[in-house]
Amino acid sequence: MAHKKLINDPLKVADELVEGLVEAYNGECDFVGARSLVLKNIPDNKVALLVGGGSGHEPIYHGLVGRNLADGAACGDIFAAPPPDIVLEATQAVSKGNGVLYLYGNYAGDVMNFDIGAELAEEEDIEVRTVLIWDDVCSAPPTEKNKRRGIAGLVPVVKLVGAASQTATSLDELEALAKKAVLNTRSVGVSMSPGSIPATGKPTFEIDEDKIGLGMGIHGEPGVGDIPMTTADELTPQMLDLIFADFDKDEDIDALKEGDEILFFVNSLGSTTMMELLIALRKAREILNTKGIKTYDVIVGPLVTCQEMSGISFSITKLDDELKKYWDLPCQSLCYSKMEGHYGG
Amino acid sequence: MAKETLSPNDCRDMLIAVANKIIESEPILTDADRALGDGDHGIGMERGMNAVKEKLEGTDFETADKPFMAMGMAMMSSMGGASGAVFGTLFRTGGKAVGGVDTFGPEQLAAFFTSGTEGVQTRGGAKPGDKTMVDALVPAAEKAEEVKGSSLIDAITAVAAAAEAGKDASKAMIATMGRAKTLGERSIGHPDAGAVSVAIIVATMRDFVAS
């Protein structure tokens, strides 16, 4: 049976959800052009931060437009990249004369369309740089990071870069910080059942009832492989080990060791409940504590989703003093809000 | 009597003919993509070509590059995804290379295919042999350069034959890009849907020049 969806015209789902998002922001953001969301009152000369991607993964990507976060988002149709003219419209709207940084997940369709958008923007004398988010360690080995997908790690990355963009004086400076935030952020996801395509009700992929897709991407892309269904306490160490191994193997970053400080993010892909996330978090913290890795702050919730897909992901962002300073800044948006500082601090 | 050169508005009419032919071919493209991909290529191209017609019909163009570029932008904005980006790039980048001239002949034909093909390869990263639209485009571009001293009808006829042969050759290839790559060797025997579209586009250009 197709999943019951409370929608109107299936072909207008993306437009209507962004209209709803504007209402949720209650005047904080504008709907711009064909389908972009842009913060009101971006200061002159600010180095602008633009995010974006396909719709249907709410509350990302467009939900990350907000105070001390992204200045705008170019929103695609359901699970589809925003076309170049939408990217251009969003770019023009956020540009305040000091360049625009594009920060989004590494998917072929997104890269092609944002690249064309950047070329169109440059024809209008807007300087654009791009930093791709590639936190999914199961999508390619550390020597081929350009083939990795962007998943839940984009939330801490956009938070950090959004904070840095408030005081960055040049596009160079913001680009460098964004590259560091991406390099320091690694994720592993698992899936237990698919989401559905809103227009058709069809599942986005297939997986056996008694299996878990280890390392599977948010659209059902293949990862490490299918493993038998298991418990939270059995699965959690397997997921964390994949992240630890990636920090170990990657020559571009030091291994995680005792005394390191991290952000830890437990994400639900949609229908996995807060109860399940908390049970996984409990086990994950036990493992992190045993290793002497300090959890500077925790994020828990369904922030990077694919409709009613079930599954979770863990993301670890390794912090240094600079990143901690940007993390401590408060932020507010539909997707993620926090006060000054950090939990427990 | 074949046309010796095309005016900017002839180029527009040629591209509208291409759009109509692709829309008419939607079932063929859908079948071709269903064998290898998710079956949405035909519908995507149909949507793109309807947008192209809306943009081109009733518009006067001063130079030959403009209708091609307008077609590229219309495809990009209406199709979305990777196929909108690569097909849009073919027409936008290829169109730019045609230049602000008022007659389109074999030189412009070669410029269109050479730059358009380079643009597609840069954008999508596909090489010949990857079983993509590039397998029809690269032979078409090479042929267009080779025959740019001929008449327009001889040139476009040779280019269309090269694209058709390239599309046929894609049947024997193993897909390494896009959704079809998970099929591996099972992709052998079917032409790439993007290459099928390219062959239809070039054949329609030939028929327009011949009429």
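Since this is a predicted model, take the numbers as computed values, not measurements.

### Digging into the overall build of chain B
Step number 1: Along its length, chain B carries nine helices and zero strands.
Step number 2: Its C-alpha radius of gyration of 16 Å places chain B within 12% of the 17 Å reference for a compact globule of 211 residues.
Step number 3: Considering only C-alpha atoms, chain B reaches an extent of 45 × 35 × 30 Å along its principal axes.
Step number 4: Taking all 211 residues of chain B together, 58% fall into the buried category.
Step number 5: Across chain B, contacts joining residues at least 24 apart in sequence account for 67% of those joining residues at least 6 apart.

### Quick word on unusual backbone geometry
Residue and element names in this part refer to chain A.
Step number 1: Here the amide bond leading from Glu58 into Pro59 is cis, since omega sits at 10 degrees, within 30 degrees of zero.
Step number 2: Inspection of the secondary structure assignment puts Pro59 in the loop between strand S3 (48–55) and strand S4 (72–78).
Step number 3: A cis amide bond links Ile60 to the next residue, Tyr61, at an omega of -15 degrees.
Step number 4: Relative to the helices and strands, Tyr61 is located in the loop between S3 and S4.
Step number 5: Phi is positive for Asn45, close to 70 degrees, though the residue is something other than glycine.
Step number 6: Tracing the backbone shows Asn45 in the loop between strand S2 (36–39) and S3.
Step number 7: Positive phi, close to 65 degrees, is recorded for Asp125, a residue that is not glycine.

### Details of the interface of chain B and chain A
Step number 1: Contacts between chain B and chain A engage 11 residues on the former and 12 residues on the latter.
Step number 2: Broken down by secondary-structure element, the contributors of at least two residues to the side of chain B that touches chain A are helix H4 (65–79), helix H5 (81–98) and helix H6 (106–124) of chain B.
Step number 3: Of all the elements, H5 of chain B adds the most residues to the side of chain B that touches chain A, at six residues.
Step number 4: Partitioned by chemical class, the residues of the side of chain B that touches chain A number four nonpolar, six polar and one charged.

Scoring rules and cut-offs
- Residues numbered from 1 in each chain as written.
- Chains lettered and ligands numbered in written order.
- Predicted model: local features only at pLDDT ≥ 70, side-chain atom pairs only at ≥ 80, totals over all residues.
- Helix = DSSP H or I, 4+ residues; strand = E, 2+ residues; numbered from the N terminus.
- Rg over C-alpha atoms; globule rule 2.2 N^0.38 Å.
- Buried ≥ 20, exposed ≤ 12 C-beta atoms within 10 Å, placed from the backbone.
- Contact = placed C-beta atoms within 7 Å.
- Nonpolar A, V, L, I, M, F, W, Y, C, P; charged D, E, K, R; others polar.

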